[in-house]
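The primary structure of each chain is shown beneath.
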Amino acid sequence: MKYLRVFLIMFRIGSFTFGGGLAMLPQMTKEFVEKYKWIEKDEIVDLFAVAQTLPGVIAINACVLIGYKLGKVPMAIVAALGVILPSFIVLIFVALSYDWLLQSTVWQGAMRGIRACVVGLLLNTAIKLRKSSLNSPITWIIAAASIFICLFTQINLIWLIIAGGIIGLICQLFKNRKELNK
């Protein structure tokens, strides 16, 4: 029964979340952390961080990691299929209707509204996850530096993620060393 529930959750998320993988993260958090309480808030933040650092689409990476956490490889496959299938169906429709959609002012208007909504959803997720992610001065500095670098440089985001991981690792090693010396 849990397999079907995870498939349907991911299918719904894949069906109604526009704006890419980052727009799916708030819904995944709402379902798996808040509603079903299958995953802790700190854990989902870590899963999303890992999903971002892996090659490929963040939504699928996150689904596979969540699925694996909930039921190893079989659940990871179920979760991935659930989120991929709606996109596959819509992509076929778009491919068949591409010329018409490009000319449709109704479609263009809907897309403008959806994009604006996605920005709000991303900000909502950032605000909700900040308590578990920004819990020390160094994490605030890393976050602020990342925003600044993203806004004012063309650096590849993977380098920011790697740098954040290295800085976090170094800080943790210093913290552990300091605690051992006490």
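Because the structure is a prediction, the values reported are computed rather than measured.

Of note in the backbone geometry, lysine 37 takes a positive phi value of approximately 55° without being a glycine. Mapped onto the fold, lysine 37 is located in the loop between helix H2 (21-35) and helix H3 (41-53). Relative accessible area serves as the criterion here: at 60%, lysine 37 is assigned to the exposed category. Of note in the backbone geometry, lysine 72 takes a positive phi value of approximately 60° without being a glycine. Within the element layout of this structure, lysine 72 appears in helix H4 (residues 58-103).

Moving on: the pattern of salt bridges. According to the stated counting rule, one finds three salt bridges in the structure shown. Across the pair arginine 12 and glutamate 31 runs a salt bridge, and its minimum N-O distance is 2.4 Å. One end of the pair, arginine 12, is in helix H1 (residues 2-16); the other, glutamate 31, is in helix H2, with 19 residues separating them in the sequence. The class of arginine 12 is partly exposed, set by a relative accessible area of 36%.

Thresholds applied
- Residues numbered from 1 in each chain as written.
- Predicted model: local features only at pLDDT ≥ 70, side-chain atom pairs only at ≥ 80, totals over all residues.
- Heavy atoms only, no water.
- Helix = DSSP H or I, 4+ residues; strand = E, 2+ residues; numbered from the N terminus.
- Buried < 20%, exposed > 50% of the residue type's maximum accessible area, 1.4 Å probe, protein only.
- Salt bridge = Lys/Arg side-chain N within 4 Å of Asp/Glu carboxyl O.

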